[in-house]
Amino acid sequence: MTASRRPRLGVMGGTFDPIHHGHLVAASEAAARFDLDEVIFVPTGKPSFKQHQKVSAPEHRYLMTVIATASNPRFTVSRVDVDRPGLTYTVDTLRDLRELRPEADLYFISGADAIEQMLTWKDADDLWKMAHFVAVSRPGHRLSVDSLPPGVVSTLEIPALAISSTECRQRAEAGQPVWYLVPDGVVQYIAKHGLYRGSAS
Ligand code: ATP
Ligand code: MG
């Protein structure tokens, strides 16, 4: 990091139910491309887009995220969304992180599927001013930012990992392995706490 420039902070929001290697590669690739000093993973509290679906307790998702990121000195985890009551909206996440880290420039990292929905996010017009957005490629989704205001979202092609948390949950429920789809410690955490048994969605 040069002394003259502001710290660059990646923000990787997600439900992380469970966190998998697709999330970790997205964060790592964005960090390399945009010379980020740190990437903060932010597990959602109650996701606004998943109100009608069963989501594991925030504490489980937070701890799996800590386990998955522990070995990377540039990866950290924030509790801002887990600890805020009510539904989680990205605008609140960014507001909180800007308050906590006023010296930094924020880079919000999002997959192609999530970025498609961005115009429907709460206070979308304010979001552009709060962070730069990085849209990463994801198998099965077209990486397009044509409908978004010009200049606020960068696109980034990353190695294709066709992994989703939904599939990990379904595999865990069916007794199929999730080894190598999620970090080893997360495999063991899922087994230890019996997550996703009889509840895959
Ligand atoms: P679910 O199936 O439960 O929706 P998910 O795999 O989509 O889980 P989320 O926690 O919803 O994971 O996603 C968090 C962020 O990570 C989103 O911006 C999403 O687009 C991105 N993401 C998830 N999986 C990948 C992947 N395999 N490649 C690139 N980006 C991904
Ligand atoms: Mg998702």
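Scroll up a little and you will see the structure.
The text that follows walks through the structure, step by step, so that each part is easy to find.

Reading the values: the criteria
Within any chain, residue numbers begin from 1 and follow the written order of that chain's sequence. In the order they appear in the text, chains get letters beginning with A and ligands get numbers beginning with 1. Reporting of local features is limited, given that this is a predicted model, to residues whose pLDDT is at least 70; pairs of side-chain atoms are given and counted only at 80 or more, and all residues count toward the totals for whole chains, interfaces and linings. Where side-chain values are given, they derive from all heavy atoms of the structure, hydrogens and water being excluded. Whether a residue is near a molecule or strand is decided by its heavy atoms; if any one of them lies within 4 Å of it, the residue is near. Polar contact criterion, stated in full: a pair of N or O atoms within 3.5 Å, where within protein one must be able to donate a hydrogen and the other to accept it, and residues adjacent in sequence count only if both atoms are side-chain atoms. Each accessible area is a Shrake-Rupley result for a 1.4 Å probe, and residues are judged covered by the shown protein chains and nothing else. Runs of H or I in DSSP of at least four residues are treated as helices and runs of E of at least two as strands, each being numbered from the N terminus. Residues are sorted three ways: Asp, Glu, Lys and Arg are charged, Ala, Val, Leu, Ile, Met, Phe, Trp, Tyr, Cys and Pro are nonpolar, and all the rest, Gly among them, are polar. Every case where a carboxyl oxygen of Asp or Glu lies within 4 Å of a side-chain nitrogen of Lys or Arg is listed as a salt bridge. Burial classes follow relative accessibility: with a 1.4 Å probe on protein chains only, a residue under 20% of its type's maximum area counts as buried, one over 50% as exposed, and anything between as partly exposed.

Right, let's get into the site of ligand 1. Taken together, 22 residues are adjacent to ligand 1, and Gly 111, Asp 113, Leu 161, Ser 165 and Thr 166 come closest. One nitrogen or oxygen atom from the side chain of His 20 is found 2.9 Å from an oxygen atom belonging to ligand 1. With respect to ligand 1, the backbone of Ser 165 contributes an N or O atom lying 2.8 Å from an oxygen atom. Alone, ligand 1 offers 600 Å² of accessible surface; in the complex the protein occludes 90% of this. Contributions of two or more residues to the shell around ligand 1 are made by strand S1 (8–14), helix H1 (21–33), strand S6 (105–111), helix H5 (112–116) and helix H7 (165–174). Taken together, the residues of the shell around ligand 1 sort by class into six nonpolar, twelve polar and four charged.

This brings us to the pattern of salt bridges. On inspection of all chains with the given rule, the structure shows 13 salt bridges. The residue Arg 79 makes a salt bridge to Glu 59 at a minimum N-O spacing of 3.0 Å. Of this pair, Arg 79 sits in the loop between strand S4 (75–77) and helix H3 (80–83) while Glu 59 sits in helix H2 (residues 58–69), and the two are 20 residues apart along the sequence. Take Arg 79: its relative accessible area is 27%, and that puts it in the partly exposed class. Notably, a salt bridge pairs Lys 129 with Asp 126, separated by 3.4 Å at the nearest N-O pair. Taken together, the residues span about one helical turn, with Lys 129 and Asp 126 both in helix H6 (residues 124–130) at a distance of three residues. Of the residues examined, Lys 129 reaches a relative accessible area of 63% and is grouped as exposed. Three or more residues joined by partner-sharing salt bridges are found here, namely Arg 5, Asp 35 and Asp 37.

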